[in-house]
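Analysis of the macromolecular model
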Amino acid sequence: MDLENKKAGTQSVWAGETAPFADGSAVVPVYNTVTFAYDDLGEWTDVALGRRPGHIYSRNTNPTVAVLEEKIRILEGAEAATSFSTGMAAISNTLFALLSPGDRVVSINDSYGGTSRLFLEYLPRIGVDAALCNTTDHEALEAAMAAGCQLVYLETPTNPTLKILDIERLAAAAHRAGAIVVCDNTFATPINQNPLALGADLVVHSATKYLGGHSDVMCGLLCGRRDLVETVFRFREITGASLHADAAYRTLRGMKTLELRVARQNESALEIARWLGGQSGVARVFHPGLEGHEGQGIARRQMRGFGGMLSFELKGDMEAVRRFTGALKLAHRAASLGSVGTLVGPPSVTSHVEMTREQRAALGISETLIRYSVGIENVEDLIADLKQALVAV
Ligand SMILES: *Cc1c(COP(=O)(O)O)cnc(C)c1O
């Protein structure tokens, strides 16, 4: 079946799962095996040397995991894909495999907390410098690239204020500087945005979030240019940050409903963002689909939907935040995002807890900012829940 030309809803279900499975199984079998046995030494050697397809040892490749890699490859329109035990494993293996001492990275201030730590703490230890620019300052990013760099690392929309980067424009600038472009597509998902089609060379995902979609599995994925994916895969074979077959199975199961879930979350988040904008207890709402959002023009061009994430500032102080979040009934007060269940948390006590108030303010994160990851619940019920929590403040 030519799945490359099918729509995302069809790819979510079928990609990677068109070839017959063992014994006619209609669902991908979970190969809970460490190793693969060969009676014939010649055959074993051929597989080990890559002269014929097959598997040797599950740290390297595994049939269940391979099905998941094929699904994300097709959904992102990539040449090749590989997988990792977590999103941070995908990001750190990619950066450490592709960068060498003396190299320079250009990225943004607002990247995911763990990624930011790599740029500020761990890459400098191996002599890799990171120039981190103000996130939406495209001129500053282009100037930093023109000064020389080997890798440009993008993330859009950003966490938690949903800033938008112009992937096409920044990828073109990166390529003029001879750099490769890596884009974290976790927030958008391949349903809403395909960075490779906009010029990125590699896409990383924390599949822990929307792709898995049920807060029951951790997984990282990487796809894009074949030569680059191969290099990172060879490194991951050695670092051992491999995905387990059970985790691959749960991610695959979640991904079958990816398009359904994200379509619902796109709609609900926009409706909730508009509703919050009209409430007197709310000072500001951040969502790329809102009229007046700084990046709305770019988002309209490069995204098919604005995603299920939003954040908003409450009027008042930390006590208002405590009361409001405490009063919500249809939300887990927890880290993470992208699940079928709504999740809520203030960045000041979750993703950005290690920063000072001043550092957060510099990123536009006020003390009363609340991040809200919209689940697939009925949107009227979610709005009613938010309404009673605002009254409780
Ligand atoms: C959660 C997240 C990560 C890290 O993924 P893990 O699976 O938690 O390791 C990276 N990038 C973004 C944007 C994330 O939200």
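Residues numbered from 1 in each chain as written. Predicted model: local features only at pLDDT ≥ 70, side-chain atom pairs only at ≥ 80, totals over all residues. Heavy atoms only, no water.

Take the sheet that holds strand E6 (residues 202-206) next. Each strand in a sheet pairs with another by means of backbone hydrogen bonds, the pair being arranged parallel or else antiparallel. Pairing within the open sheet is mixed, and its 7 strands lie in the order E1-E7-E6-E5-E4-E2-E3. Both outer strands of the open sheet, strand E1 (80-84) and strand E3 (129-133), are each paired with one neighbouring strand and no more. Sheet twist, expressed as the mean angle between neighbouring strand axes with direction ignored, is 20°. Here helix H5 (residues 113-125) sits on the sheet and contacts strand E2 (104-108), E3 and strand E4 (151-155); the angle it forms with E3, its principal contact strand, is near 125°. Most of the contacts of helix H7 (residues 167-176) go to strand E5 (residues 180-184), to which it runs at about 150°, and overall it touches E4 and E5. (Pairing = 2+ DSSP bridges. Helix = DSSP H or I, 4+ residues; strand = E, 2+ residues; numbered from the N terminus. Axes fitted to C-alpha atoms, helices over the stretch in contact; angles between N-to-C directions. Contact = heavy atoms within 4.5 Å.)

Further remarks concern a nonpolar patch on the surface. A cluster of nonpolar side chains, namely Met1, Val13 and Trp14, defines an oily patch on the protein surface of about 320 Å² accessible area. Along the chain, Trp14 falls in helix H1 (residues 8-14). (Patch = residues over 30% accessible without salt bridge, like charges linked within 9 Å, V, L, I, M, F, W, Y side chains within 5 Å. Areas by Shrake-Rupley, 256 points an atom, 1.4 Å probe, with all protein chains shown as cover. Salt bridge = Lys/Arg side-chain N within 4 Å of Asp/Glu carboxyl O.)

Let us look at the packing of aromatic side chains. Both the distance between ring centres and the angle between the ring planes are used here to describe each pair of aromatic rings. Taken as a whole, this structure holds 4 aromatic pairs when the rule is applied. For the pair Tyr38 and Trp44, a centre-to-centre distance of 6.5 Å together with 15° between the ring planes defines the contact as stacked. The exposure class assigned to Trp44 is partly exposed, which follows from its relative accessible area of 40%. Ring-pair connections join several aromatic residues into one group, and the members of that group are Phe312, Phe324 and Tyr372. (Phe/Tyr/Trp six-rings, centres within 6.5 Å; stacked < 30°, edge-to-face > 60°. Buried < 20%, exposed > 50% of the residue type's maximum accessible area, 1.4 Å probe, protein only.)

Moving on, we get to the domain arrangement of the protein chain. For the protein chain, the assigned domains read domain 1 (8-255) and domain 2 (258-392). Summing both sides of the interface, domain 1 and domain 2 together bury roughly 3,100 Å²; the carbon and sulfur share of this comes to 56%. Of all residues in domain 1, the largest losses of buried area upon contact with domain 2 belong to Ile164, Asn192 and Tyr210, amounting jointly to 24% of the total for that side. The interface formed by domain 1 and domain 2 holds 1 salt bridge in total. (Domains from an automatic or database assignment. Buried area = accessible area lost by both parts, 1.4 Å probe.)

Let us now look at the site of the ligand. Of all residues adjacent to the ligand, which total 14 residues, the nearest are Gly87, Met88, Asp184, Thr208 and Lys209. Residue Gly87 places a main-chain N or O atom 2.8 Å away from an oxygen atom belonging to the ligand. Here the ligand has 380 Å² of accessible area as a free molecule, and 94% of this is covered by the chains. Per-element tally for the shell around the ligand: the top contributor is helix H4 (residues 87-98), with 3 residues. Broken down by class, the residue content of the shell around the ligand amounts to 6 nonpolar, 5 polar and 3 charged. (Near = heavy atom within 4 Å. Polar contact = N/O pair within 3.5 Å; in protein donor to acceptor, adjacent residues only side chain to side chain. Nonpolar A, V, L, I, M, F, W, Y, C, P; charged D, E, K, R; others polar.)

Moving on, we get to the nonpolar core. Grouped together as the largest cluster of nonpolar side chains are 51 residues, with contacts concentrated most on Leu68, Val106, Leu141, Met145 and Val152. Mapping this core onto the domain boundaries places at least three of its residues in each of domain 1 (8-255) and domain 2 (258-392). Those residues in contact with Leu68 that lie beyond four places of it in its chain are Cys219, Leu221, Leu243, Ala248, Thr251, Leu252 and Met255. Of all hydrophobic cores here, the second largest spans 27 residues; its members include Ile272, Ala273, Trp275 and Ile370. (Core = buried A, V, L, I, M, F, W, Y, C linked by side-chain atoms within 4.5 Å.)

Relative to E3, E2 runs parallel, the two being bridged by 5 bridges. Bridge pairing in E3 links Arg104 to Asp129. Where the polypeptide runs from E2 across H5 and back to E3, its parallel neighbour, the crossover connection is right-handed. (Right-handed = clockwise from strand over helix to strand, strands pointing away.)

Roughly 680 Å³ of internal volume is contained in the largest pocket. Residue lining of the largest pocket: 26 residues in total, with Thr61, Glu69, Glu230, Phe233 and Arg234 positioned closest to the centre. Sorting the residues of the lining of the largest pocket by element identifies helix H2 (41-48), helix H3 (63-76), E1 and helix H9 (226-239) as the ones contributing at least two each. Sorting elements by how many residues they give to the lining of the largest pocket places H9 first, with 6 residues. Here the lining of the largest pocket is built from residues that sort into 11 nonpolar, 6 polar and 9 charged. In this model, the second largest pocket occupies a volume close to 360 Å³. (1 Å grid on protein atoms, 1.4 Å probe; cavity = no way out; pocket = protein on both sides within 12 Å on 5 of 7 lines; lining within 4 Å. Points joined across faces, edges and corners; volume = space filled by probe spheres on them.)

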